[in-house]
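# Structure assessment
Each chain is listed here by its residues.
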Amino acid sequence: MRGFIRRTLRTGLLLLVGGAVAFFAAGWLRTSLDRRTHPRQVVPAAEAVALAAAAIPGADLPDALARLDREVRALTSQMLALDRKLLRYRPTNPYIVVDTVANRLLVRNDGKTVREAICSTGSGKVLDDPAGGRSWTFSTPRGEFHVTNRLDNPLWRKPDWAFIEEGEPVPTRHDAVERFTEGALGEYALAFGDGYLIHGTLYTRLLGRSVTHGCVRLGPIDLKAVYDESPLRTDIFVF
Amino acid sequence: MSSDPRQTSPWSHRLLGAGLLAAAVGAGAALPPTTPPATQGSSTAATQDSAVLRQRYAMLLQKKFLLDREKKLKELQLALAGDDAPYLLFDLADAEIRIIIRTTAVHTIPLERVEIEGERRLFSAVDPPPDWANRTYHLTGKSGPPRQAERIVPGTGAAKTRDDNPRAVTPEMLGLPAGEDLPERYTLLFDDGMAVTLDGVETGETSWLERGITKITDVLTPPELPTGDRANSVRVWVRLRLARELSRSLYPSLFTGMRAMFRMPGDPRL
(Lines give C-alpha, C1' and ligand atoms only; values in the text may rest on other atoms or scores of the structure.)
Protein backbone atom coordinates (compact mmCIF):
# COMPACT_ATOMS: atom_id res chain seq x y z
CA MET A 1 0.00 0.00 0.00
CA ARG A 2 2.76 2.36 1.02
CA GLY A 3 4.70 1.44 -2.12
CA PHE A 4 1.68 2.13 -4.26
CA ILE A 5 1.25 5.57 -2.66
CA ARG A 6 4.94 6.28 -3.11
CA ARG A 7 4.82 5.25 -6.77
CA THR A 8 1.71 7.33 -7.34
CA LEU A 9 3.25 10.37 -5.70
CA ARG A 10 6.44 9.94 -7.71
CA THR A 11 4.51 9.61 -10.95
CA GLY A 12 2.41 12.62 -10.04
CA LEU A 13 5.50 14.66 -9.25
CA LEU A 14 7.16 13.67 -12.51
CA LEU A 15 4.04 14.60 -14.43
CA LEU A 16 3.88 17.92 -12.63
CA VAL A 17 7.53 18.76 -13.32
CA GLY A 18 7.29 17.53 -16.90
CA GLY A 19 4.16 19.56 -17.44
CA ALA A 20 5.79 22.67 -16.00
CA VAL A 21 8.84 22.24 -18.23
CA ALA A 22 6.65 21.67 -21.28
CA PHE A 23 4.58 24.71 -20.36
CA PHE A 24 7.59 27.00 -20.09
CA ALA A 25 9.20 25.53 -23.19
CA ALA A 26 6.04 26.12 -25.18
CA GLY A 27 5.85 29.63 -23.83
CA TRP A 28 9.44 30.34 -24.78
CA LEU A 29 8.95 28.85 -28.20
CA ARG A 30 5.82 30.84 -28.80
CA THR A 31 7.47 34.03 -27.58
CA SER A 32 10.51 33.43 -29.72
CA LEU A 33 8.43 32.74 -32.79
CA ASP A 34 6.18 35.72 -32.10
CA ARG A 35 9.00 38.09 -31.35
CA ARG A 36 10.92 37.10 -34.45
CA THR A 37 10.00 40.38 -35.94
CA HIS A 38 9.63 40.70 -39.62
CA PRO A 39 11.26 43.93 -40.64
CA ARG A 40 9.35 46.94 -39.44
CA GLN A 41 9.10 50.17 -41.33
CA VAL A 42 11.40 52.91 -40.11
CA VAL A 43 9.14 55.65 -41.44
CA PRO A 44 5.95 56.13 -39.35
CA ALA A 45 2.62 55.10 -40.83
CA ALA A 46 0.17 57.73 -42.07
CA GLU A 47 -2.07 57.28 -39.02
CA ALA A 48 0.74 58.06 -36.60
CA VAL A 49 1.65 61.17 -38.54
CA ALA A 50 -2.00 62.32 -38.61
CA LEU A 51 -2.18 61.92 -34.84
CA ALA A 52 0.96 64.02 -34.40
CA ALA A 53 -0.59 66.72 -36.57
CA ALA A 54 -3.85 66.61 -34.61
CA ALA A 55 -2.00 67.09 -31.31
CA ILE A 56 -0.77 70.57 -32.24
CA PRO A 57 -2.90 73.38 -30.72
CA GLY A 58 -4.75 75.38 -33.36
CA ALA A 59 -3.07 78.66 -32.44
CA ASP A 60 0.41 77.13 -32.91
CA LEU A 61 -0.42 75.44 -36.19
CA PRO A 62 0.59 78.17 -38.66
CA ASP A 63 4.00 78.64 -36.99
CA ALA A 64 4.59 74.90 -36.72
CA LEU A 65 3.70 74.50 -40.36
CA ALA A 66 6.05 77.29 -41.45
CA ARG A 67 8.87 75.77 -39.41
CA LEU A 68 8.30 72.31 -40.88
CA ASP A 69 8.16 73.75 -44.37
CA ARG A 70 11.56 75.40 -43.87
CA GLU A 71 13.02 72.10 -42.59
CA VAL A 72 11.70 70.20 -45.60
CA ARG A 73 13.16 72.79 -47.99
CA ALA A 74 16.53 72.59 -46.24
CA LEU A 75 16.49 68.79 -46.44
CA THR A 76 15.59 68.88 -50.13
CA SER A 77 18.51 71.19 -50.78
CA GLN A 78 20.88 68.87 -48.86
CA MET A 79 19.58 65.92 -50.89
CA LEU A 80 20.41 67.67 -54.15
CA ALA A 81 23.95 68.28 -52.93
CA LEU A 82 24.32 64.60 -52.00
CA ASP A 83 22.96 63.52 -55.36
CA ARG A 84 25.56 65.66 -57.13
CA LYS A 85 28.34 64.02 -55.14
CA LEU A 86 27.04 60.53 -55.84
CA LEU A 87 26.72 61.33 -59.52
CA ARG A 88 30.52 61.62 -59.72
CA TYR A 89 30.70 57.85 -59.24
CA ARG A 90 28.38 57.05 -62.10
CA PRO A 91 30.07 54.50 -64.39
CA THR A 92 31.01 54.98 -68.03
CA ASN A 93 28.76 53.59 -70.71
CA PRO A 94 29.42 50.83 -71.47
CA TYR A 95 31.24 49.30 -68.53
CA ILE A 96 32.58 45.81 -67.80
CA VAL A 97 31.76 43.61 -64.81
CA VAL A 98 33.92 40.57 -64.00
CA ASP A 99 32.45 37.94 -61.68
CA THR A 100 35.45 35.99 -60.37
CA VAL A 101 33.28 33.35 -58.68
CA ALA A 102 31.07 32.44 -61.61
CA ASN A 103 33.85 33.28 -64.10
CA ARG A 104 31.63 35.50 -66.20
CA LEU A 105 32.40 38.78 -67.89
CA LEU A 106 29.50 41.12 -68.59
CA VAL A 107 29.41 44.23 -70.73
CA ARG A 108 26.68 46.58 -69.51
CA ASN A 109 25.20 49.72 -70.96
CA ASP A 110 22.90 51.88 -68.80
CA GLY A 111 22.74 49.02 -66.33
CA LYS A 112 21.51 46.53 -68.95
CA THR A 113 23.68 43.56 -69.89
CA VAL A 114 24.52 43.73 -73.61
CA ARG A 115 27.03 40.88 -73.66
CA GLU A 116 27.78 37.97 -71.35
CA ALA A 117 30.93 35.92 -71.82
CA ILE A 118 32.51 32.94 -70.08
CA CYS A 119 35.95 33.82 -68.81
CA SER A 120 38.70 32.51 -66.58
CA THR A 121 40.00 34.43 -63.61
CA GLY A 122 42.70 34.05 -60.98
CA SER A 123 43.21 30.68 -59.25
CA GLY A 124 44.11 32.15 -55.86
CA LYS A 125 47.09 29.79 -55.66
CA VAL A 126 50.38 30.85 -54.12
CA LEU A 127 53.85 30.42 -55.59
CA ASP A 128 56.93 30.86 -53.42
CA ASP A 129 60.31 31.59 -54.91
CA PRO A 130 62.61 28.94 -53.46
CA ALA A 131 65.69 31.07 -54.08
CA GLY A 132 64.61 34.50 -52.86
CA GLY A 133 62.01 35.69 -50.33
CA ARG A 134 59.41 36.43 -53.01
CA SER A 135 55.89 35.07 -53.11
CA TRP A 136 53.04 35.57 -55.56
CA THR A 137 49.30 35.07 -55.05
CA PHE A 138 47.51 34.55 -58.33
CA SER A 139 44.17 36.26 -57.73
CA THR A 140 42.31 38.70 -59.91
CA PRO A 141 42.15 41.92 -57.85
CA ARG A 142 38.72 43.20 -56.81
CA GLY A 143 37.51 46.76 -57.19
CA GLU A 144 37.16 49.46 -59.79
CA PHE A 145 39.59 49.74 -62.68
CA HIS A 146 39.73 51.41 -66.09
CA VAL A 147 41.00 50.39 -69.49
CA THR A 148 44.44 52.00 -69.57
CA ASN A 149 45.68 50.49 -72.83
CA ARG A 150 44.31 48.63 -75.84
CA LEU A 151 46.72 46.16 -77.49
CA ASP A 152 46.59 44.53 -80.88
CA ASN A 153 48.42 41.19 -81.22
CA PRO A 154 50.04 41.63 -77.82
CA LEU A 155 53.33 40.02 -77.00
CA TRP A 156 53.64 38.34 -73.61
CA ARG A 157 56.67 39.37 -71.62
CA LYS A 158 57.05 36.50 -69.16
CA PRO A 159 57.57 37.69 -65.60
CA ASP A 160 59.88 35.88 -63.17
CA TRP A 161 57.13 33.76 -61.66
CA ALA A 162 56.38 32.14 -65.03
CA PHE A 163 59.93 30.72 -65.13
CA ILE A 164 59.86 29.67 -61.49
CA GLU A 165 56.51 27.96 -61.98
CA GLU A 166 57.92 25.91 -64.85
CA GLY A 167 61.11 25.16 -62.97
CA GLU A 168 63.22 27.11 -65.47
CA PRO A 169 66.06 29.50 -64.66
CA VAL A 170 64.98 33.13 -64.46
CA PRO A 171 66.71 35.33 -67.10
CA THR A 172 68.71 38.09 -65.48
CA ARG A 173 67.74 40.70 -68.07
CA HIS A 174 64.21 42.07 -68.23
CA ASP A 175 64.43 42.26 -72.04
CA ALA A 176 65.96 38.83 -72.58
CA VAL A 177 64.64 37.14 -75.73
CA GLU A 178 63.37 34.09 -73.87
CA ARG A 179 60.99 36.31 -71.93
CA PHE A 180 58.86 37.12 -74.99
CA THR A 181 56.16 34.78 -76.30
CA GLU A 182 53.92 35.42 -79.28
CA GLY A 183 50.32 34.30 -79.45
CA ALA A 184 49.92 33.39 -75.78
CA LEU A 185 47.62 36.33 -75.12
CA GLY A 186 45.39 36.03 -78.18
CA GLU A 187 44.70 38.72 -80.78
CA TYR A 188 43.76 41.55 -78.44
CA ALA A 189 44.26 42.68 -74.87
CA LEU A 190 42.84 45.37 -72.61
CA ALA A 191 45.19 46.49 -69.85
CA PHE A 192 43.67 47.66 -66.57
CA GLY A 193 46.65 48.44 -64.42
CA ASP A 194 49.46 46.76 -62.46
CA GLY A 195 50.17 44.31 -65.28
CA TYR A 196 46.64 42.82 -65.32
CA LEU A 197 44.98 42.26 -68.69
CA ILE A 198 41.80 41.00 -70.26
CA HIS A 199 43.23 38.85 -73.03
CA GLY A 200 42.75 35.75 -75.13
CA THR A 201 43.94 32.24 -74.37
CA LEU A 202 45.19 29.02 -75.85
CA TYR A 203 43.46 27.08 -73.07
CA THR A 204 39.87 27.52 -74.21
CA ARG A 205 38.90 24.23 -72.59
CA LEU A 206 39.51 25.80 -69.22
CA LEU A 207 37.27 28.81 -69.72
CA GLY A 208 34.74 29.05 -66.89
CA ARG A 209 37.27 27.99 -64.27
CA SER A 210 39.54 29.92 -61.95
CA VAL A 211 42.89 28.91 -63.41
CA THR A 212 44.76 32.06 -64.39
CA HIS A 213 47.57 33.95 -62.73
CA GLY A 214 45.31 36.95 -62.17
CA CYS A 215 44.45 38.10 -65.66
CA VAL A 216 41.02 37.63 -67.19
CA ARG A 217 40.96 35.25 -70.17
CA LEU A 218 38.29 35.21 -72.87
CA GLY A 219 37.58 33.07 -75.89
CA PRO A 220 38.49 34.60 -79.28
CA ILE A 221 34.98 35.65 -80.39
CA ASP A 222 34.09 37.28 -77.06
CA LEU A 223 37.51 38.89 -76.86
CA LYS A 224 37.05 40.64 -80.21
CA ALA A 225 33.57 41.87 -79.27
CA VAL A 226 34.64 43.14 -75.83
CA TYR A 227 37.73 44.80 -77.33
CA ASP A 228 35.60 46.61 -79.92
CA GLU A 229 33.06 47.76 -77.30
CA SER A 230 35.60 49.07 -74.76
CA PRO A 231 37.42 52.31 -75.52
CA LEU A 232 40.11 53.73 -73.24
CA ARG A 233 38.95 54.64 -69.73
CA THR A 234 36.07 52.16 -69.84
CA ASP A 235 35.19 51.20 -66.26
CA ILE A 236 35.92 47.64 -65.19
CA PHE A 237 34.35 46.38 -61.95
CA VAL A 238 35.73 43.13 -60.53
CA PHE A 239 34.16 41.30 -57.61
CA MET B 1 -60.83 101.02 -1.38
CA SER B 2 -62.98 103.53 -3.14
CA SER B 3 -66.52 102.66 -3.97
CA ASP B 4 -66.28 104.66 -7.13
CA PRO B 5 -66.53 102.27 -10.06
CA ARG B 6 -64.37 104.52 -12.24
CA GLN B 7 -61.29 104.03 -9.99
CA THR B 8 -59.00 100.78 -10.35
CA SER B 9 -56.98 99.37 -7.50
CA PRO B 10 -53.06 99.70 -7.52
CA TRP B 11 -52.70 95.80 -7.38
CA SER B 12 -54.51 95.42 -10.65
CA HIS B 13 -51.98 97.78 -12.29
CA ARG B 14 -49.13 95.65 -10.97
CA LEU B 15 -50.74 92.45 -12.10
CA LEU B 16 -51.41 93.88 -15.54
CA GLY B 17 -47.76 95.07 -15.88
CA ALA B 18 -46.41 91.66 -14.80
CA GLY B 19 -48.61 89.91 -17.30
CA LEU B 20 -47.52 92.16 -20.15
CA LEU B 21 -43.88 91.66 -19.18
CA ALA B 22 -44.26 87.87 -19.11
CA ALA B 23 -45.93 87.95 -22.51
CA ALA B 24 -43.07 90.03 -23.94
CA VAL B 25 -40.40 87.66 -22.57
CA GLY B 26 -42.22 84.61 -23.90
CA ALA B 27 -42.56 86.16 -27.34
CA GLY B 28 -38.87 87.07 -27.35
CA ALA B 29 -37.86 83.52 -26.43
CA ALA B 30 -39.94 82.11 -29.25
CA LEU B 31 -38.20 84.20 -31.86
CA PRO B 32 -35.00 82.79 -33.49
CA PRO B 33 -31.71 84.42 -32.27
CA THR B 34 -30.43 87.15 -34.52
CA THR B 35 -26.62 86.86 -34.79
CA PRO B 36 -24.64 89.04 -37.14
CA PRO B 37 -23.95 87.11 -40.47
CA ALA B 38 -20.16 87.80 -40.43
CA THR B 39 -19.44 86.02 -37.09
CA GLN B 40 -21.27 82.82 -38.07
CA GLY B 41 -19.37 82.34 -41.42
CA SER B 42 -15.87 82.91 -39.95
CA SER B 43 -16.06 80.11 -37.30
CA THR B 44 -16.93 77.52 -39.97
CA ALA B 45 -14.18 78.83 -42.23
CA ALA B 46 -11.70 78.74 -39.34
CA THR B 47 -12.52 75.09 -38.67
CA GLN B 48 -12.07 74.22 -42.33
CA ASP B 49 -8.78 76.16 -42.54
CA SER B 50 -7.49 74.37 -39.47
CA ALA B 51 -8.31 70.99 -40.98
CA VAL B 52 -6.53 71.91 -44.20
CA LEU B 53 -3.49 73.11 -42.25
CA ARG B 54 -3.35 69.91 -40.23
CA GLN B 55 -3.59 67.85 -43.35
CA ARG B 56 -0.74 69.81 -44.90
CA TYR B 57 1.27 69.47 -41.70
CA ALA B 58 0.78 65.69 -41.68
CA MET B 59 1.81 65.51 -45.32
CA LEU B 60 4.95 67.56 -44.71
CA LEU B 61 5.82 65.56 -41.62
CA GLN B 62 5.64 62.32 -43.57
CA LYS B 63 7.78 63.89 -46.30
CA LYS B 64 10.31 65.05 -43.71
CA PHE B 65 10.65 61.53 -42.28
CA LEU B 66 11.24 60.14 -45.76
CA LEU B 67 13.76 62.84 -46.61
CA ASP B 68 15.58 62.30 -43.32
CA ARG B 69 15.88 58.63 -44.05
CA GLU B 70 16.89 59.15 -47.66
CA LYS B 71 19.56 61.61 -46.58
CA LYS B 72 20.92 59.12 -44.06
CA LEU B 73 21.09 56.33 -46.64
CA LYS B 74 22.80 58.52 -49.21
CA GLU B 75 25.35 59.71 -46.66
CA LEU B 76 26.14 56.09 -45.83
CA GLN B 77 26.44 55.22 -49.50
CA LEU B 78 28.65 58.21 -50.16
CA ALA B 79 30.98 57.08 -47.38
CA LEU B 80 31.15 53.57 -48.85
CA ALA B 81 31.59 54.80 -52.43
CA GLY B 82 34.74 56.69 -51.47
CA ASP B 83 36.58 53.38 -51.52
CA ASP B 84 36.63 51.21 -54.66
CA ALA B 85 36.32 47.92 -52.74
CA PRO B 86 33.06 46.01 -53.19
CA TYR B 87 30.52 46.39 -50.38
CA LEU B 88 27.20 44.80 -49.51
CA LEU B 89 23.77 46.38 -49.50
CA PHE B 90 21.27 44.23 -47.62
CA ASP B 91 18.08 45.55 -49.16
CA LEU B 92 15.49 44.22 -46.74
CA ALA B 93 12.77 46.30 -48.42
CA ASP B 94 13.11 44.64 -51.84
CA ALA B 95 14.45 41.38 -50.33
CA GLU B 96 17.76 41.45 -52.18
CA ILE B 97 21.46 41.40 -51.47
CA ARG B 98 23.51 43.58 -53.75
CA ILE B 99 27.24 43.73 -54.20
CA ILE B 100 28.11 47.30 -55.11
CA ILE B 101 31.31 48.96 -56.25
CA ARG B 102 31.22 52.75 -55.86
CA THR B 103 27.54 53.25 -56.74
CA THR B 104 27.24 50.51 -59.35
CA ALA B 105 25.44 47.33 -58.40
CA VAL B 106 27.52 44.56 -59.95
CA HIS B 107 25.61 41.57 -58.56
CA THR B 108 22.08 41.12 -57.22
CA ILE B 109 20.77 38.10 -55.34
CA PRO B 110 17.05 37.73 -54.57
CA LEU B 111 15.97 36.58 -51.11
CA GLU B 112 13.04 34.39 -50.20
CA ARG B 113 12.55 35.50 -46.63
CA VAL B 114 13.87 38.16 -44.29
CA GLU B 115 13.72 38.11 -40.51
CA ILE B 116 15.29 40.32 -37.88
CA GLU B 117 15.63 39.77 -34.18
CA GLY B 118 17.46 41.50 -31.40
CA GLU B 119 19.44 40.03 -28.55
CA ARG B 120 18.50 36.49 -27.59
CA ARG B 121 17.35 35.86 -24.06
CA LEU B 122 16.50 32.59 -22.36
CA PHE B 123 12.71 32.79 -22.55
CA SER B 124 12.29 35.70 -24.90
CA ALA B 125 13.82 37.62 -27.73
CA VAL B 126 14.06 41.39 -27.58
CA ASP B 127 13.54 43.82 -30.44
CA PRO B 128 16.69 45.13 -32.09
CA PRO B 129 17.82 48.64 -31.09
CA PRO B 130 15.98 51.26 -33.19
CA ASP B 131 19.02 52.90 -34.78
CA TRP B 132 20.86 49.77 -35.89
CA ALA B 133 20.30 50.48 -39.61
CA ASN B 134 21.75 53.99 -39.37
CA ARG B 135 25.39 53.02 -39.87
CA THR B 136 27.73 50.88 -41.92
CA TYR B 137 29.34 47.70 -40.69
CA HIS B 138 32.45 45.77 -41.63
CA LEU B 139 32.78 42.01 -41.82
CA THR B 140 34.95 40.52 -39.09
CA GLY B 141 34.43 36.83 -39.86
CA LYS B 142 32.29 34.23 -41.54
CA SER B 143 31.51 30.69 -40.51
CA GLY B 144 32.25 27.77 -42.78
CA PRO B 145 35.17 25.50 -43.60
CA PRO B 146 38.55 27.21 -43.24
CA ARG B 147 40.28 27.77 -46.54
CA GLN B 148 43.95 27.56 -47.15
CA ALA B 149 45.42 28.82 -50.39
CA GLU B 150 46.89 26.00 -52.46
CA ARG B 151 50.63 26.29 -52.98
CA ILE B 152 52.17 25.63 -56.37
CA VAL B 153 55.23 23.43 -56.38
CA PRO B 154 57.79 25.17 -58.62
CA GLY B 155 58.30 23.21 -61.80
CA THR B 156 54.80 21.70 -61.87
CA GLY B 157 52.41 24.64 -62.11
CA ALA B 158 52.26 25.35 -65.83
CA ALA B 159 52.04 21.68 -66.89
CA LYS B 160 48.49 21.36 -65.54
CA THR B 161 47.21 24.07 -67.82
CA ARG B 162 49.03 23.10 -71.01
CA ASP B 163 46.52 22.63 -73.74
CA ASP B 164 49.14 21.21 -76.11
CA ASN B 165 49.92 18.29 -73.83
CA PRO B 166 48.10 15.34 -75.40
CA ARG B 167 48.10 13.50 -72.10
CA ALA B 168 46.56 16.41 -70.18
CA VAL B 169 43.17 15.48 -68.81
CA THR B 170 41.25 18.11 -66.94
CA PRO B 171 38.55 17.39 -64.36
CA GLU B 172 36.15 19.16 -66.69
CA MET B 173 36.72 16.47 -69.36
CA LEU B 174 35.93 13.80 -66.80
CA GLY B 175 32.70 15.57 -65.86
CA LEU B 176 33.88 16.17 -62.30
CA PRO B 177 32.56 19.27 -60.53
CA ALA B 178 34.92 22.18 -60.62
CA GLY B 179 35.58 24.32 -57.61
CA GLU B 180 35.54 23.58 -53.90
CA ASP B 181 32.67 22.48 -51.72
CA LEU B 182 31.01 25.69 -50.58
CA PRO B 183 28.66 26.00 -47.59
CA GLU B 184 25.01 26.85 -48.13
CA ARG B 185 24.25 27.90 -44.56
CA TYR B 186 26.64 30.26 -42.85
CA THR B 187 26.77 33.32 -40.66
CA LEU B 188 28.54 36.57 -41.29
CA LEU B 189 29.70 38.38 -38.19
CA PHE B 190 30.06 42.13 -38.48
CA ASP B 191 31.38 44.59 -35.92
CA ASP B 192 29.28 45.92 -33.08
CA GLY B 193 27.29 42.73 -32.58
CA MET B 194 25.67 42.48 -35.99
CA ALA B 195 25.21 39.01 -37.46
CA VAL B 196 23.65 37.94 -40.72
CA THR B 197 22.81 34.30 -41.33
CA LEU B 198 22.32 33.12 -44.89
CA ASP B 199 20.28 30.00 -45.13
CA GLY B 200 20.36 28.36 -48.54
CA VAL B 201 17.34 26.14 -49.14
CA GLU B 202 15.68 24.25 -51.93
CA THR B 203 13.27 26.58 -53.66
CA GLY B 204 9.75 25.62 -54.58
CA GLU B 205 6.60 24.58 -52.73
CA THR B 206 6.98 23.26 -49.20
CA SER B 207 4.31 21.70 -47.02
CA TRP B 208 3.07 23.31 -43.81
CA LEU B 209 4.75 20.52 -41.86
CA GLU B 210 8.14 21.22 -43.48
CA ARG B 211 7.73 24.93 -42.83
CA GLY B 212 6.80 24.31 -39.22
CA ILE B 213 9.74 21.98 -38.63
CA THR B 214 12.10 24.48 -40.26
CA LYS B 215 10.79 27.29 -38.09
CA ILE B 216 11.16 25.29 -34.89
CA THR B 217 14.64 24.16 -35.89
CA ASP B 218 15.59 27.78 -36.52
CA VAL B 219 14.59 28.74 -32.99
CA LEU B 220 16.10 25.75 -31.23
CA THR B 221 19.42 25.65 -33.09
CA PRO B 222 21.11 29.01 -33.25
CA PRO B 223 23.15 29.49 -36.39
CA GLU B 224 26.80 28.75 -36.09
CA LEU B 225 28.96 31.80 -35.50
CA PRO B 226 32.54 32.14 -36.68
CA THR B 227 34.90 30.40 -34.29
CA GLY B 228 35.46 32.09 -30.98
CA ASP B 229 32.30 34.15 -31.00
CA ARG B 230 29.40 33.60 -28.65
CA ALA B 231 25.75 33.90 -29.54
CA ASN B 232 25.05 36.39 -26.77
CA SER B 233 27.48 38.87 -28.20
CA VAL B 234 25.05 39.45 -31.06
CA ARG B 235 22.83 42.53 -30.71
CA VAL B 236 21.04 42.29 -34.02
CA TRP B 237 20.51 39.08 -35.97
CA VAL B 238 19.31 39.21 -39.53
CA ARG B 239 18.28 35.87 -40.99
CA LEU B 240 17.96 35.56 -44.72
CA ARG B 241 16.61 32.66 -46.66
CA LEU B 242 17.61 32.24 -50.30
CA ALA B 243 18.11 29.62 -52.97
CA ARG B 244 20.80 27.09 -52.12
CA GLU B 245 22.95 27.70 -55.19
CA LEU B 246 22.85 31.46 -54.73
CA SER B 247 23.90 31.15 -51.11
CA ARG B 248 26.85 28.96 -52.10
CA SER B 249 27.87 31.22 -54.96
CA LEU B 250 27.89 34.29 -52.74
CA TYR B 251 30.22 32.78 -50.13
CA PRO B 252 33.59 33.27 -51.92
CA SER B 253 32.77 36.92 -52.69
CA LEU B 254 32.63 37.77 -48.98
CA PHE B 255 35.95 38.79 -47.46
CA THR B 256 37.07 40.01 -44.06
CA GLY B 257 36.84 43.79 -43.92
CA MET B 258 34.05 43.94 -46.49
CA ARG B 259 31.64 46.69 -45.56
CA ALA B 260 27.85 46.60 -45.51
CA MET B 261 24.78 48.75 -45.06
CA PHE B 262 21.07 48.00 -44.72
CA ARG B 263 17.93 49.35 -46.37
CA MET B 264 14.78 48.81 -44.31
CA PRO B 265 11.17 48.43 -45.49
CA GLY B 266 9.67 51.85 -46.05
CA ASP B 267 13.05 53.38 -46.86
CA PRO B 268 13.25 55.34 -50.10
CA ARG B 269 15.22 53.79 -52.94
CA LEU B 270 18.85 54.63 -53.39
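The structure presented is a predicted model; accordingly, all values stated were derived computationally and were not measured.

Turning next to the overall build of chain B. Within chain B one finds four helices and ten strands. For chain B, the N- to C-terminal ordering of α and β elements is α-α-β-β-β-β-β-β-β-β-α-β-α-β. Within chain B, buried positions represent 36% of all 270 residues. Restricting the contact set of chain B to residue pairs at least 6 apart, pairs at least 24 apart contribute 73%.

To describe a pair of aromatic rings, you give the distance between the ring centres and the angle between the ring planes. A full pass over the atoms with the stated rule returns eleven aromatic pairs over all chains. On the basis of an interplanar angle of 90 degrees and a centroid distance of 6.1 Å, the ring pair of F90 of chain B and F190 of chain B is categorised as edge-to-face. Here F190 of chain B lies in strand 7 (residues 185–190) and F90 of chain B lies in strand 1 (residues 87–91), a separation of 100 residues in the sequence. Across the pair, F190 of chain B and F90 of chain B agree in class, each one buried. Grouped by ring-pair contacts, the aromatic residues F90, W132, Y137, F190 and F262 of chain B constitute a single cluster. The ring centre of Y227 of chain A lies 4.1 Å from the NZ or CZ of R150 of chain A, which sits over that ring. One residue, K158 of chain A, lies across the ring of F163 of chain A, its end atom 4.5 Å from the ring centre.

A few words now on the confidence of the model for chain B. All names here are of chain B. Averaged over every residue, the pLDDT of chain B is 76; residues scoring 70 or more account for 64%. Within the model, the stretch residues 1–10 combines pLDDT values under 50 with two contacts to residues more than four positions away or in other chains. Low pLDDT, under 50, characterises residues 32–39; the stretch is placed with zero contacts to residues that sit more than four places away or in other chains. In the model output, the complex is listed with pTM 0.78 alongside ipTM 0.82.

Glancing now at the sheet that holds strand 6 (residues 151–152) of chain B. Within the open sheet, the three strands sit side by side as 5(A)-4(A)-6(B). Their pairing is mixed. Two strands in the sheet have a free side with no partner beyond their single neighbour: strand 5 (135–137) of chain A together with strand 6 of chain B. Sheet analysis places strand 4 (residues 126–128) of chain A next to strand 6 of chain B, joined by two bridges and oriented parallel. Within strand 6 of chain B, the position partnered with V126 of chain A by the bridge is R151 of chain B.

Residue and element names in this part refer to chain B. Looking at the element boundaries, R259 is found in strand 10 (residues 259–263). For R259, a relative accessible area of 24% gives the class partly exposed. Separated by 121 residues in sequence, R259 and H138 place their C-alpha atoms 4.1 Å apart. When residues no more than four places from it in sequence are discounted, the contact partners of R259 are A79, L80, D83, Y87, L88, Y137 and H138. At 3.3 Å, the side chain of R259 and the backbone oxygen of L80 are in polar contact.

Below, the discussion takes up unusual backbone geometry. Look at the link from N93 of chain A to P94 of chain A: it is a cis peptide, with omega at 0 degrees. Tracing the backbone shows P94 of chain A in the loop between helix 3 (61–87) and strand 1 (95–99). We note that D194 of chain A has phi near 55 degrees; this positive angle belongs to a residue other than glycine. Note on placement: D194 of chain A falls in the loop between strand 10 (188–191) and strand 11 (197–199). At A95 of chain B, a residue that is not glycine, the phi angle is positive and equals roughly 55 degrees.

With that settled, consider the side chain of K158 of chain A. Relative to the helices and strands, K158 of chain A resides in the loop between strand 8 (155–157) and helix 4 (160–165). Every residue in contact with K158 of chain A, bar those within four places of it in the chain, is listed here: F163, E166, E168, E178, R179 and T181 of chain A.

Time to look at the pattern of salt bridges. One pass over the full model with this rule turns up 36 salt bridges over all chains. Measuring nitrogen to oxygen at the nearest pair gives 3.9 Å for the salt bridge that ties D222 of chain A to R115 of chain A. Of this pair, D222 of chain A sits in helix 5 (residues 220–229) while R115 of chain A sits in strand 3 (residues 112–120), placing them 107 residues apart in sequence. According to the relative accessible area criterion, R115 of chain A is partly exposed, its value standing at 26%. Residues D91 of chain B and R98 of chain B are paired through a salt bridge, measuring 2.5 Å at the closest nitrogen-oxygen approach.

What counts as what
Residues numbered from 1 in each chain as written. Chains lettered and ligands numbered in written order. Predicted model: local features only at pLDDT ≥ 70, side-chain atom pairs only at ≥ 80, totals over all residues. Heavy atoms only, no water. Helix = DSSP H or I, 4+ residues; strand = E, 2+ residues; numbered from the N terminus. Buried < 20%, exposed > 50% of the residue type's maximum accessible area, 1.4 Å probe, protein only. Contact = heavy atoms within 4.5 Å. Phe/Tyr/Trp six-rings, centres within 6.5 Å; stacked < 30°, edge-to-face > 60°. Lys NZ or Arg CZ within 6 Å of the ring centre and 35° of its normal. pLDDT = per-residue confidence, 0-100. Pairing = 2+ DSSP bridges. Polar contact = N/O pair within 3.5 Å; in protein donor to acceptor, adjacent residues only side chain to side chain. Salt bridge = Lys/Arg side-chain N within 4 Å of Asp/Glu carboxyl O.

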